[in-house]
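Structure at a glance
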Amino acid sequence: MNRLQHLTFHGVLIGIVTFACLSWPLRLSSANPNIGKPDAYLEIHGTVAESVSLGAECIQTYESFRELVDAIEKNLDPKKFSAAYVALQKFSRLNSRLRIFGEPLSVDLQLRIADPEARFIAIRTRYIPTKECNDIAQKIIVELRKRAAVRVKLVTQIRELVNDKKWLGAEALWDKTMNSLWQQLAFLDGQVVSEFALDFYTLDQEITPVRSSERSLVFQKAVEEKFQVHQQSRDSFLSSLRLATGQLASTGKIAFDGTQLSGSASVKRFVINFGPRHADLMSDASLDFLVRSSLTSGSSAGDGGPNAFATWTTRAQSATKELQEAIIAVIRTDAESGAAMAEGDYVDHLKSVAFSLNRFASTVSPRDFSPALDSLAKKAGLEKRVQAYREATNDVLHWRARIAQQMAEEQRTAGFPEIDIFTRGNLWKNEAGVPLMSVTITDMPVPILSQPVPKSIQAGWANVQGKNVSVGEIVRFDSDKELFMSRLKNGTYARPFGSTRSPESLSSLKRELLVDDLHPALDVTAAHAIYEAESGEVVDAGGEILSLGLESATTRMLKLPPIAGNFLRYPSIQNSAFPHSEIAAVCVRYDLKLKWIATHYQFVRLP
């Protein structure tokens, strides 16, 4: 330990790590709209199989309608006019069904169709009184009256299906009948329409509520099945945590995942395996909201809201507490066992805890694990060395932390503001000053689509292209691969590009903390500092926006892959990404060319 006598402070600009420009496993750009494909649609989560086919049919119907409106604006062809009317009526029914399955795509499409619908209504309003349309209408009325018996037969058939409670068949026959009848009703005004369609619309008032309820129940059942699968997975995992200390005390090893692990190895494995369970909890919370929203018959408010997440927040907190307690218990069990304890065993535990700290909420600090680790150090005969090392490095870490925080703050002040695009009123307005997103204020801002996605992307990109921003925490999503992403913050997250490792910076950090290949860090705080520098996980970063895209907030959380369990820190599941009252909530993603990064103990300006 005479190395401690040579302690010097060599500066604070240390550590740079590589954020590889690899394809991101969340597959962010393939299905969701972005600056390269602003016309792309919000992704379908597909919890219910029918929503996949419904979504595809809704998109096809909307695109057909839009093309027909564009065509008849140039040349009002009666066949295309009739086809546009059918497409609009069909879209309304299909999209309302899609909404029942909690698909944000339904909101996306409803906003998109507003413009061509308004144009079509204007065209129809002008066309109906014309002589050409009147001549067509008179011929249609004559033909429809001749076919009155056919309609009576169809009404009777649908009525029989309704009376027999064969709702699916009744709906299918109603759809087929009306898709044909709408071709003719397109040319008639409202008063005449009732003569030919009133009986069908009366039947629909019985069919649609029942079918909506049936669809909602299918959605609820699918969600409940997911809840059960996820709960079984969590129960199994938590059970393994409870067994861990007993196994360790009796055998000196922990059987987990088909392998025999030491205490320190089990700590890291437990944390890694908790990630998918945390992703499940975020998914469950999002599903819970979507179900509650679908039960409100298309209303975007209702039983959702902050209270909808109380159950999942409680479960996440409980599971995370068990994880933290299990880590401490494993360390204490190792300390209390009769097996010999070498310095390497103690250091391995430090490294496992350092890894864990970047997953837990910021309220969990290195010192929460210190008592258990101190017991381990005492058993290994390292008590005095650890105390001396801690005293020698405390000031170094203290000043590094202060300076890193100060320099990161200076960068934000100097032109790298935090991304707060949803609370800055002028950023998402079009040239007429109309907001392209509204913000729902509950306990935190929630961005809500208020105009079509392509307009939102185009206006947003015009405002943020090339701007510098800071993005907060960047974490590694796969412990075996260099896959990095910023954690969700203010409804945004970023994929970082452009940095490289700096052996000189890492060497400077190790030198100041008296660490080399033969002399590891002996305190958990120092071990955490080394872990951050080596792993590339940072608490703040800034750079230039290279691209942006939009995603449904609920679908994003719902479709997180297992490796993205630390998209939010444990046990966080409720964030501005989660809509409190709207199925139309979105989040924004960025590609970011990094210019600087900061860990808890270092600040690095990138080339």
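Residue positions within a chain follow its written sequence, with the count starting from 1. For this predicted model, a pLDDT threshold of at least 70 governs which residues receive local features, and a threshold of 80 or more governs which side-chain atom pairs are given and counted, while totals over whole chains, interfaces and linings are taken from all residues. The basis for the side-chain values is all heavy atoms of the structure; hydrogens and waters are excluded.

Bringing the pattern of salt bridges into the picture now. By convention in these notes, a salt bridge is any Lys or Arg side-chain nitrogen within 4 Å of a carboxyl oxygen on Asp or Glu. Applying the stated criterion across every chain yields a total of 33 salt bridges. Measuring nitrogen to oxygen at the nearest pair gives 3.4 Å for the salt bridge that ties K90 to E57. Taken as a pair, K90 in helix α3 (residues 78-100) and E57 in helix α2 (residues 49-74) lie far apart in primary sequence, 33 residues in all. Between buried and exposed lies partly exposed: a residue is buried under 20% and exposed over 50% of the maximum accessible area for its type, with that area taken using a 1.4 Å probe on protein chains only. Note on K90: relative accessible area 25%, which makes it partly exposed. In this structure, a network of salt bridges that share partners links the residues E50, R93, R97, E171, D175, D204, R211, E214 and R215. Segments assigned H or I by DSSP are reported as helices when at least four residues long, segments assigned E as strands when at least two residues long, and all are numbered from the N terminus.

Since there are 3.6 residues in each turn of an α-helix, residues three or four apart along the chain are aligned in direction. Expected span, for any helix, means 1.5 Å times one less than how many residues it has. An ideal rise of 1.5 Å per residue puts 22 Å on 16 residues; helix α5 (residues 131-146) measures up with 23 Å between its terminal C-alpha atoms. Taken residue by residue, α5 has C133, A137, I140, I141 and L144 as its buried positions. On an axial view of α5, the arc spanned by its buried residues comes to 105°, and they lie on one face. Turned more than 90 degrees from where α5 packs its buried face, K131, K139 and K146 sit exposed. Each C-beta atom gives one direction from the helix axis, and the arc is the one those directions make.

Aromatic contacts are taken between Phe, Tyr and Trp rings whose centres are within 6.5 Å, Trp giving its six-membered ring; a plane angle under 30 degrees counts as stacked, one over 60 as edge-to-face, and the others as tilted. The full count for this structure, using the stated rule, is 18 aromatic pairs. Their ring planes at 65° and their centres at 4.9 Å tell us that F81 and Y127 sit as a pair that is edge-to-face. Here Y127 lies in helix α4 (residues 105-127) and F81 lies in helix α3, a separation of 46 residues in the sequence. In this structure, F81 and Y127 share a single accessibility class: buried. Ring centres of Y493 and F567 lie 4.9 Å apart, and the angle between their planes is 85°; this geometry places the pair in the edge-to-face category. Here F567 lies in the loop between α17 (553-558) and β10 (586-598) and Y493 lies in strand β8 (residues 492-497), a separation of 74 residues in the sequence. Throughout this description, the term charge over a ring refers to an Arg CZ or Lys NZ atom that lies within 6 Å of the ring centre and within 35 degrees of the ring normal. Above the plane of the ring of F355 lies R359, whose end atom (NZ or CZ) is 4.3 Å from the centre.

For the rest of this paragraph, the subject is the nonpolar core. Nonpolar core, defined: a set of buried Ala, Val, Leu, Ile, Met, Phe, Trp, Tyr and Cys residues in which side-chain atoms within 4.5 Å join the residues together. With 84 residues, the main nonpolar core has F120, L185, L188 and F567 as its most contacted residues. With ten residues, the top contributor of residues to this core is helix α8 (residues 190-251). The contact criterion used is simple: two residues touch if any of their non-hydrogen atoms lie within 4.5 Å. Once residues lying within four places of it in the same chain are set aside, the contact partners of L188 are R124, I128, A137, I140, I141, L144, V193 and F196. In terms of nonpolar packing, the next biggest core, distinct from the first, is built from 56 residues, I254, A319, M341 and F355 among them.

A large share of strand β9 (residues 540-552) lies buried, amounting to eleven of its 13 residues. In short, DSSP must find at least two bridges between two strands for them to pair. Here strand β5 (residues 468-470) runs beside β9; their pairing, made up of three bridges, is antiparallel. For N468, the partnering residue across the bridge sits in β9 and is E544. Two elements, β9 and β10, share twelve bridges in a ladder whose sense is antiparallel. Paired with L548 across the bridge in β10 is Y590.

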